[in-house]
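# Observations on the three-dimensional arrangement
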Amino acid sequence: MSKGPQRIRGTQDIWGEEADRFQAVVAAFERVRRLYGFQRIEMPAFEATAVFSRSIGETTDVVSKEMYTFEDRGGDSLTLRPEFTAGICRAFLSEGWQQLAPLKVATHGSVFRYERPQKGRYRQFHQLDAEILGADSPAADVELLVFADQLLNELGITDGVTLQLNTLGDAETRDAWRSALVAHFESHRDDLSEDSLARLDKNPLRILDSKDPRDRPAADSAPDIDAYLTDQARAFFDKVTAGLDAAGVAWTRNARLVRGLDYYRHTAFEFVTDRLGAQGTVLAGGRYDGLVEALGGPHTPAVGWAAGIERLAMLAGAPAPNTIDVALVPMGDAAEMAAIGLLAQLRRAGIAADMGYKGNMKKRMQRANASGARQAIILGDDELARGEAALKDLESGAQQSVPLSGLVEAVRRQ
RNA sequence: GCGAUCGUAGCUCAGCUGGUUAGAGCAUCGGUUUGUGGUACCGAGGGUCGGGGGUUCAAGUCCCCUCGAUCGCCCCA
């Protein structure tokens, strides 16, 4: 623990059962993503700093104090991605994906945020991400939400998880509502916490979901967005909720749910669990119709979500441990060489097989047992001379002689 | 960035109000069994008690600093 170089704060070495859980989450995502027709894309881990600062919002905490920004040797300002969405919109423009709209894409990998680490919160962490670009239909929002719901279901973590849904309206709605909120909170200035006084300047919507009890009276009496929704914005939200009902996805309206990043419009949602303490948000996203434009592109409506792999992995049950089918136990140099050939044959036939690099028979049998293999193939000079091997069932202890030529078949039959 | 708790072997932990060479279980390695594992028994390795400084005759134990983890806030997936 104290010897040698230390792991950097907020990073993690993932191995053993934890790695299996992590991999199981990614595998489920890849499986479900195909069912919904989302294309797999790979994105760079860093972008020009402006890609994030212009889209996420200069005043957000993510941009103003959480980004890993550095100057490269050519003097350009680069930033390790703190999320996927901005980079995907950049790619949408650089790669000419306008041609392909509406485009459904999915990716996963590391993202970086300079935050104080906690359980389920790291400086280098991993996200799943799904986006639909160039679609203004509420059906796109619905498809993404049904996708998310199925993913959580297949991971077996819907227990205690609820989908909270809200609308932030279109640009017109959001501006009007925002002004009303600012006016309301200005008149309650004296009742607000210090944190919320700061939010009043930077991000007044954020006061609505404040946890500080001092803020609750003013937040609870604040005007709902519903009164400010334009007919269009209201119709849009109604179609989203109707679509969820049609697909059989449970949701609850949370009129106090807002998003931290500036680019969100219309649909905003979070799948929240009560099992992860303060890190309760497990998958979240919404519609960001203004983002591509903010990057200098044409008006491009889009929706998406991201989910923290570490948080999903903590909630998901442990997957079945990785085991092999058969272990080889050779005795003597000649047998070992023959076993190397046999090992390759078994693996080429799709059978998970393993053989230790050294050890006497007892050691090798212990290893075979510990590996979880159901069978062992024992190969010594006697067997080799007869063109046979001993096939042992490690559970029952039963052992039989099998001709080498029929060994692959015999193993497969068990 | 703010507040709080914690930090003893690979893992889980014990170590009373400071007192001789820091312990246990599990795991690892070796042996009882030179071609047969899972059980049992015997044995071994592994710790600068997170790191640094201080108080004291004496510090794993008390004080300060530092690093890290955890919980809450902030923020967010």
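Residues numbered from 1 in each chain as written. Chains lettered and ligands numbered in written order. Predicted model: local features only at pLDDT ≥ 70, side-chain atom pairs only at ≥ 80, totals over all residues. Heavy atoms only, no water.

### A look at the environment of Leu384
Keep this limit in mind: Where helices and strands are cited, they refer to DSSP runs of H or I of at least four residues and of E of at least two residues respectively, numbered from the N terminus. Burial here depends on accessible area, computed with a 1.4 Å probe over protein chains only, as a share of the maximum for the residue type. Under 20% is buried, over 50% is exposed, and the range in between is partly exposed. Contacts are assigned to residue pairs with any non-hydrogen atoms lying within 4.5 Å of each other.
Tracing the sequence through the fold places Leu384 in helix H14 (residues 381-386). Using a relative accessible area of 25% as the deciding quantity, one classes Leu384 as partly exposed. Spatially, the C-alpha atom of Leu384 lies 8.5 Å from that of Leu404, the residues being 20 residues apart in sequence. With sequence-adjacent residues up to four places away left out, Leu384 is seen in contact with Ala334, Ala335, Ala338, Leu379 and Leu404.

### What to know about the UniProt feature "binding site: L-histidine" (unreviewed entry) in chain A
Condition: UniProt positions are given in the numbering used here, feature names are shortened, and annotations may be inferred rather than shown by experiment.
Under the feature "binding site: L-histidine" (unreviewed entry), the UniProt entry names Glu83, Phe84, Thr85, Arg113, Gln127, Glu131, Arg259, Tyr263 and Tyr264. Look at Gln127 and you get buried, because its relative accessible area is 9%. Not counting residues up to four positions away in its chain, the partners in contact with Gln127 are Glu83, Phe84, Thr107, His108, Gly109, Val111, Ala306, Ala307 and Ile309. Tracing the backbone through its elements, the reader meets Tyr263 in the loop between strand S8 (252-253) and strand S9 (265-273). Owing to a relative accessible area of 4%, Tyr263 belongs among the buried residues under this scheme. Setting aside anything within four residues of it in sequence, one finds Tyr263 in contact with Ser55, Ile56, Glu83, Thr85, Arg287, Tyr288, Asp289, Gly290 and Leu291.

### Topic: the packing of aromatic side chains
Our working definition: Any Phe, Tyr or Trp ring, taking Trp's six-membered ring, that has another such ring centre within 6.5 Å forms a pair; planes under 30 degrees apart are called stacked, those over 60 apart edge-to-face, and the others tilted. Only when the NZ of Lys or the CZ of Arg is both within 6 Å of the ring centre and within 35 degrees of the ring normal is a charge said to sit over the ring.
In the structure shown here, the tally under the stated rule is 7 aromatic pairs. Aromatic ring contacts, followed pair by pair, group Phe29, Tyr36, Phe38, Phe147 and Trp305 into a single cluster. The aromatic ring of Tyr264 is capped on one face by Arg259, whose charged end is 5.4 Å from the ring centroid.

### A short note on the packing of helix H5 (residues 138-154) against helix H9 (residues 231-247)
Defined as follows: For helices, the axis comes from a line fit to the C-alpha atoms of the stretch in contact; other axes are also lines fit to C-alpha atoms, and the angle between any two N-to-C directions lies between 0 and 180 degrees. An angle below 35 degrees is read as roughly parallel, one above 145 as roughly antiparallel, one from 65 to 115 as roughly perpendicular, and any other as oblique. Two helices cross in a left-handed way if the nearer one is turned anticlockwise from the farther one by less than a right angle. They cross in a right-handed way if the turn is clockwise. Throughout, the ten residues Ala, Val, Leu, Ile, Met, Phe, Trp, Tyr, Cys and Pro are labelled nonpolar, Asp, Glu, Lys and Arg are labelled charged, and all others, Gly among them, are labelled polar.
Where H5 contacts H9, the two axes come as close as 9 Å, and the packing angle between them is 40°. As summarised for this structure, H5 and H9 are arranged oblique, according to the angle between their axes. Considering how the two elements wind past one another, H5 and H9 form a crossing that is right-handed. Judged by residue contacts, Pro138, Asp141, Val142, Leu145 and Val146 of H5 engage Phe236, Lys239, Val240, Gly243, Leu244 and Ala247 from H9. The class makeup of the residues in the contact of H5 with H9 is 8 nonpolar, 1 polar and 2 charged.

### Brief notes about unusual backbone geometry
Backbone torsion omega between Ala101 and Pro102 reads 0°, so that peptide bond is classified as cis. Locating Pro102 in the fold gives a position in the loop between helix H4 (85-94) and strand S5 (103-112). Despite not being glycine, His266 shows a phi value in the positive range, around 55°. Tracing the backbone through its elements, the reader meets His266 in strand S9.

### Examining the protein's contact with RNA strand B
Definition in use: Being near a molecule or strand, for a residue, means having at least one of its heavy atoms within 4 Å of it. Pairs of N or O atoms are called polar contacts if they sit within 3.5 Å, as long as, within protein, a hydrogen donor faces a hydrogen acceptor (for residues adjacent in sequence, only side-chain-to-side-chain pairs).
If you check the shell around RNA strand B, you find 51 residues, and the closest are Arg113, Arg121, Arg206, Arg367 and Leu394. Within 4 Å of the protein, the contacting atoms of RNA strand B are drawn from sugar and phosphate to the extent of 56%. A distance of 2.9 Å separates a base nitrogen of RNA strand B from a polar side-chain atom of Arg116. Between RNA strand B and the protein, one listed contact pairs a base nitrogen with a side-chain N or O atom of Gln118 at 3.5 Å. When contributions to the surface near RNA strand B are tallied by element, the ones reaching two or more residues are strand S6 (124-133), helix H7 (194-202), strand S10 (281-287), strand S11 (302-308), helix H13 (361-370) and H14. Top element by residues in the surface near RNA strand B is H13. It accounts for 7 residues. Of the residues contributing to the surface near RNA strand B, the split by class is 14 nonpolar, 14 polar and 23 charged.

### Notes on the sheet that holds strand S4 (residues 77-80)
Either a parallel or an antiparallel arrangement is found when strands of a sheet pair, and the pairing is made through backbone hydrogen bonds. The criterion, for reference: By the convention used here, strands pair only if DSSP detects at least 2 bridges between them.
Spatially, the 3 strands line up as an open sheet ordered S2-S4-S3, and their pairing is antiparallel. Each edge of the open sheet is held by one strand with a lone partner, namely strand S2 (46-48) and strand S3 (69-71). Neighbour-to-neighbour, the strand axes of this sheet turn through a mean angle of 35°, independent of strand direction. Lying over the sheet, helix H2 (residues 49-56) contacts S2, S3 and S4, oriented at roughly 80° with respect to S2.

### Overview of the side chain of Glu30
Considering the arrangement of structural elements, one finds Glu30 in helix H1 (residues 16-35). Sequence-distant contacts of Glu30, defined by excluding residues within four places in its chain, comprise Arg40 and His108.

### Here's the deal with the sheet that holds strand S16 (residues 399-403)
Read across the sheet, 5 strands follow the order S13-S12-S14-S15-S16 without closing on themselves; strand pairing throughout is mixed. Edge positions in the open sheet fall to strand S13 (353-355) and S16, since each of these has one partner strand only. Direction aside, the axes of adjacent strands within the sheet are offset by 30° on average. Looking at chain direction, strand S15 (residues 388-393) and S16 are connected through 5 bridges and run antiparallel. When the sheet's bridge partners are listed, Ala390 is paired in S16 with Ser401. Running at roughly 160° to S13, helix H12 (residues 333-348) makes contact with strand S12 (326-330), S13 and strand S14 (375-379) of the sheet.

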